[in-house]
Amino acid sequence: MKKIVLSLTIVLISIFAAQAQILPTFKLGVKGGLGFSSLNSDQKWLNSDTKTGFQLGVWGRVGIAGFHIQPEAYYASKKVGLSVTDGENIGEGEATFKSLDVPVLLGTKIGLGPVGFRIQAGPVFSFVQDGEAKLVNVAKFGDYKKNSTGIIGGVGVDISKLTVDLRYEHGLTNLSTDGNLDQKIRMWTIGVGFAIL
């Protein structure tokens, strides 16, 4: 009798878990995080060090059949350290990129109840980007584009309404308006969010 009750309980839990994955879900929340950025360049005279910036914004998630789409919108301040060399050190400083970033992530969640692990990836679009570089001994380093795109992916965990994400962003757009330069953002981020719906 105990085996029958145990087997029936396992079957019911499995059916409930399968239905929970099939039924549509919706979440909306806020998030904040830290970004660790560098500027990748094909120019040997330009070196970049990782600097810390921040992100602050909102996210939504619509899921069905075990998959979800998670659009986000956040204000991002990305900083990179720069040094220009030509046999000797010409100038050092940092560049700051301020933008509205909109990633659109496709992912899946593994877990039951309030705890789940996520894998996500997708494009990220940066709008109204304000780029400025300040280097010692260099009057003006370069101008930067107002919009850019990239790809982003990572892992996350949900614990009830709390979310934690670790992601890598790989810039696809050359940020420099100078056709002779190729500069793209590379960034690791760690973010914490809270679901309000």
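For the structure, see preceding data.
Residues numbered from 1 in each chain as written. Predicted model: local features only at pLDDT ≥ 70, side-chain atom pairs only at ≥ 80, totals over all residues. Heavy atoms only, no water.

## Overview of the overall build of the protein chain
Phase 1 of the analysis: The number of helices and strands found in the protein chain is one helix and eight strands.
Phase 2 of the analysis: Each helix and strand of the protein chain, ordered N terminal to C terminal, gives the series α-β-β-β-β-β-β-β-β.
Phase 3 of the analysis: The buried share of the protein chain, reckoned over its 197 residues, is 38%.
Phase 4 of the analysis: Sequence separation of at least 24 residues holds for 64% of the intrachain contacts in the protein chain that already meet a minimum separation of 6.
Phase 5 of the analysis: In the form shown here, the protein chain has an accessible surface area of approximately 11,200 Å², with 68% of it arising from carbon and sulfur atoms. (Helix = DSSP H or I, 4+ residues; strand = E, 2+ residues; numbered from the N terminus. Buried < 20%, exposed > 50% of the residue type's maximum accessible area, 1.4 Å probe, protein only. Contact = heavy atoms within 4.5 Å. Areas by Shrake-Rupley, 256 points an atom, 1.4 Å probe, with all protein chains shown as cover.)

## A word on unusual backbone geometry
Phase 1 of the analysis: The backbone of alanine 65 shows a phi angle near 55°, a positive value even though the residue is not glycine.
Phase 2 of the analysis: Inspection of the secondary structure assignment puts alanine 65 in the loop between strand 2 (46-64) and strand 3 (67-85).
Phase 3 of the analysis: Residue serine 160 is not a glycine yet carries a positive backbone phi of 60°.
Phase 4 of the analysis: Considering the arrangement of structural elements, one finds serine 160 in the loop between strand 6 (148-159) and strand 7 (162-171).

## Brief notes about the nonpolar core
Phase 1 of the analysis: Core analysis: the biggest nonpolar cluster contains 11 residues, these being Leu39, Leu46, Val80, Leu82, Val84, Ala95, Phe97, Tyr144, Leu175, Ile185 and Met187.
Phase 2 of the analysis: Top element by residues in this core is strand 3. It accounts for three residues.
Phase 3 of the analysis: Each residue touching leucine 175, except ones within four places of it in the same chain, is listed here: Leu39, Phe97, Gln129, Asp143, Tyr144, Lys145, Ser148, Gln183 and Ile185.
Phase 4 of the analysis: Counting five residues, the second-largest nonpolar core is a separate cluster that includes Tyr74, Ala76, Val124 and Ile152. (Core = buried A, V, L, I, M, F, W, Y, C linked by side-chain atoms within 4.5 Å.)

## Regarding the pairing of strand 3
Phase 1 of the analysis: With 14 bridges joining them, strand 2 and strand 3 adopt antiparallel strand pairing. Considered in strand 3, the bridge of glutamine 55 is made with alanine 76.
Phase 2 of the analysis: Between strand 2 and the antiparallel strand that follows it, strand 3, lie two residues; alanine 65 among them carries a positive phi value of about 55°. (Pairing = 2+ DSSP bridges.)

## A short note on the pairing of strand 2
Phase 1 of the analysis: Taken together, the 13 bridges between strand 1 (residues 25-41) and strand 2 define a ladder with antiparallel strand orientation. Paired with glycine 29 across the bridge in strand 2 is tryptophan 59.
Phase 2 of the analysis: The turn linking strand 1 back onto strand 2 is made up of four residues.

## Thoughts on the side chain of glutamate 169
Phase 1 of the analysis: Take glutamate 169: it is sitting in strand 7.
Phase 2 of the analysis: Once you skip the residues sitting within four places of it in the chain, glutamate 169 turns out to touch Lys78, Val124, Ile151, Ile152, Ile185, Arg186 and Met187.

## Quick word on the packing of aromatic side chains
By convention here, two paired aromatic rings are described through the distance between centres and the angle between planes.
Phase 1 of the analysis: A complete count under the given rule lists two aromatic pairs for this structure.
Phase 2 of the analysis: Judged by centre distance (5.9 Å) and plane angle (45°), the ring pair of phenylalanine 54 and tyrosine 75 falls under tilted. Residue phenylalanine 54 is located in strand 2, and its partner tyrosine 75 is located in strand 3; the two are separated by 21 residues in the primary sequence.
Phase 3 of the analysis: In this structure phenylalanine 54 comes out as partly exposed when scored by relative accessible area, which is 39%.
Phase 4 of the analysis: Judged by relative accessible area, tyrosine 75 falls into the partly exposed class, the value being 39%. (Phe/Tyr/Trp six-rings, centres within 6.5 Å; stacked < 30°, edge-to-face > 60°.)

## Observations regarding the side chain of arginine 186
Phase 1 of the analysis: With respect to the helices and strands, arginine 186 occurs in strand 8 (residues 183-195).
Phase 2 of the analysis: Lacking a salt bridge, the buried arginine 186 has aspartate 182 as its closest oppositely charged neighbour, with an N-O distance of 7.2 Å. (Lys, Arg positive; Asp, Glu negative; His and termini not counted. Salt bridge = Lys/Arg side-chain N within 4 Å of Asp/Glu carboxyl O.)

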